[in-house]
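# Overview (structure and organization)
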Amino acid sequence: MSDLDNLPSYIAPVKSRAFKEVLALARMVAGFDSSVLLSGDTGVGKEVVARFIHDSSRRKGRPMLTINCAALPAALLESELFGHKAGAFTGAIKDRVGLFEQAARGTAFLDEIGDVDGAIQVKLLRVLQEREILRIGENIPRRVDIRIIAATNTNLSAAVAERHFRKDLFFRLRVVEIRVPSLAERTDDIMVLAEHFLGELSVRMQLPQLRLHDECRPYLLNYPWPGNVRELYNVLERAAIFGQGKTIMAEHLPIELLNPELNINQSEAYVPKSLHDMEVAHIKKTLKHTGGNRPKAAKILGVSHSTLWRKLKEFQSD
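Residues numbered from 1 in each chain as written. Predicted model: local features only at pLDDT ≥ 70, side-chain atom pairs only at ≥ 80, totals over all residues. Heavy atoms only, no water.

### With respect to the overall build of the protein chain
What the protein chain contains, in helices and strands, is 14 helices and 11 strands. Computed over the C-alpha atoms, the radius of gyration of the protein chain is 25 Å, more than 25% above the 20 Å expected from 2.2 N^0.38 for a compact globule of 318 residues. Principal-axis analysis of the C-alpha atoms gives the protein chain an extent of 80 × 50 × 40 Å. The buried share of the protein chain, taken over its 318 residues, is 43%. Of the roughly 17000 Å² that the protein chain leaves accessible, carbon and sulfur atoms contribute 52%. Averaged over its 44 positive side-chain charges, the protein chain has a centre that lies 3 Å from the centre of its 39 negative ones. (Helix = DSSP H or I, 4+ residues; strand = E, 2+ residues; numbered from the N terminus. Rg over C-alpha atoms; globule rule 2.2 N^0.38 Å. Buried < 20%, exposed > 50% of the residue type's maximum accessible area, 1.4 Å probe, protein only. Areas by Shrake-Rupley, 256 points an atom, 1.4 Å probe, with all protein chains shown as cover. Lys, Arg positive; Asp, Glu negative; His and termini not counted. Charge placed at Lys NZ, Arg CZ, Asp CG, Glu CD.)

If you want it as structure tokens, here you go:
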């Protein structure tokens, strides 16, 4: 049996070589406590990979705690990570245990690590080097037994070169770096992920009849997915709502999937067009998609049948 045959339920049975290599590397490093840096675009699934590393490690029986370093101001982030002593600052009415202590013998996942300011970078370096923390307002260090996994969607090497990120911290975090590929780099997984997410949505939204019609397949496969796996999940959740919890048809998908010309992430050189020309092209493609069925086309376009008829008359007179 392959090491990847027995995956946890939150990971779809992937087909792409790119993501299989990620999982194989993740499982290999899971056996060690070395720090791991997960890099990749927003929405590629870095937290899922972090969870997989934790669940494949000897620390799996202990918590994996996550914090988004970009979501909090520096002062609050420092308190969340390291904790504080009562009276350390205004509002600190009692002692607080920080994330590093809460994750004892487990894993701390630091998302968006590139947004951490210089003062906190120094304290993080101490955690990695000495395995100890200082609560705010204290001067006696506390030992911590944790594994640190960090993630970033920015180029940390460039940040180091520009002196925005400490070189020593960068190397401490990046004992092993795992680059998580974009969804566009793993197109073999798109339909697998779609079915996996539909299963999750069916349970979470209590929609036992939720299905994906085959006519949606080319739209899902041909879209570049700039928002990656997270965007795919959100698109399917939206489609489940528009499909009233039953079979998802192409008409329930967002307009940018149905009309690639509206995609703002096209790699080809942009050729300016008038709004009129874009409208004509989009209506023609929608009619082609529906086999000339005007009522269905009008529903997809979000206009009344009479409005579609009027626009078609206008196009004929141009």
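### A look at helix H10 (residues 228-242)
With 15 residues, H10 extends 21 Å between its outermost C-alpha atoms, agreeing within 8% with the 21 Å of an ideal straight helix rising 1.5 Å per residue. Turning to H10, its buried residues number three or more, namely Asn228, Val229, Glu231, Leu232, Tyr233, Val235, Leu236, Ala239 and Ala240. Check the buried side of H10 and you find it contacts helix H8 (190-204), strand S10 (211-212), helix H9 (217-222), strand S11 (247-248) and helix H11 (255-258). Looking one or two residues past H10, Gln244 carries a phi angle of roughly 60°, positive in sign. (Expected span 1.5 Å × (residues − 1). Contact = heavy atoms within 4.5 Å.)

### Some points on the packing of helix H3 (residues 74-82) against helix H5 (residues 118-130)
For the pair H3 and H5, interaxial distance at closest approach is 11 Å and the crossing angle is 15°. Overall, the two elements H3 and H5 adopt an arrangement that is roughly parallel. Classified by chirality, the crossing of H5 by H3 is left-handed. Contacts between H3 and H5 involve Ala74, Leu77, Glu78, Leu81 and Phe82 on the former and, on the latter, Ile120, Lys123, Leu124 and Val127. In terms of residue class, the contact of H3 with H5 is built from 7 nonpolar, no polar and 2 charged. (Axes fitted to C-alpha atoms, helices over the stretch in contact; angles between N-to-C directions. Parallel < 35°, antiparallel > 145°, perpendicular 65-115°, else oblique. Left-handed = near helix turned anticlockwise from the far one by under 90°. Nonpolar A, V, L, I, M, F, W, Y, C, P; charged D, E, K, R; others polar.)

### So, the sheet that holds strand S9 (residues 176-179)
With parallel pairing, the 5 strands of this open sheet are ordered in space as S2-S5-S8-S1-S9. Unpaired on one side and paired on the other, strand S2 (64-68) and S9 mark the two borders of the sheet. Looking at each pair of strands side by side, their axes are set apart by 20° on average, direction ignored. Pairing between strand S1 (residues 36-39) and S9: 4 bridges, direction parallel. Residue pairing across strands places Ser39 opposite Arg179, the latter belonging to S9. (Pairing = 2+ DSSP bridges.)

### Description of the packing of H8 against H10
Contact geometry of H8 with H10 gives a least axis separation of 10 Å together with a crossing angle of 50°. In this view, H8 runs oblique relative to H10, as classed from their interaxial angle. Crossing of H8 over H10 shows right-handed handedness. Seen from H8, the contacting residues are Ile190, Leu193, Ala194, Phe197, Leu198, Glu200, Leu201 and Arg204; seen from H10, they are Val229, Leu232, Tyr233, Leu236 and Glu237.

### A word on unusual backbone geometry
Backbone geometry places Arg131, a non-glycine residue, at a positive phi of 55°. With respect to the helices, strands and loops of the structure, Arg131 is situated in the loop between H5 and strand S6 (132-133). Here Gln244, not a glycine, exhibits a phi torsion of approximately 60°, which is positive. Position of Gln244 among the secondary structure elements: in the loop between H10 and S11. The class of Gln244 is exposed, set by a relative accessible area of 66%.

### As for the nonpolar core
By size, the foremost hydrophobic cluster in this structure holds 31 residues, and its most contacted members are Leu212, Leu220, Trp225, Leu232, Leu236, Ile248 and Leu253. Elements supplying a minimum of two residues to this core: H8, H9, H10 and H11. It is H8 that contributes the most residues to this core, 8 residues altogether. Other than its neighbours up to four places away in sequence, Leu220 contacts Ile190, Met191, Ala194, Leu212, Trp225, Leu232 and Leu257. (Core = buried A, V, L, I, M, F, W, Y, C linked by side-chain atoms within 4.5 Å.)

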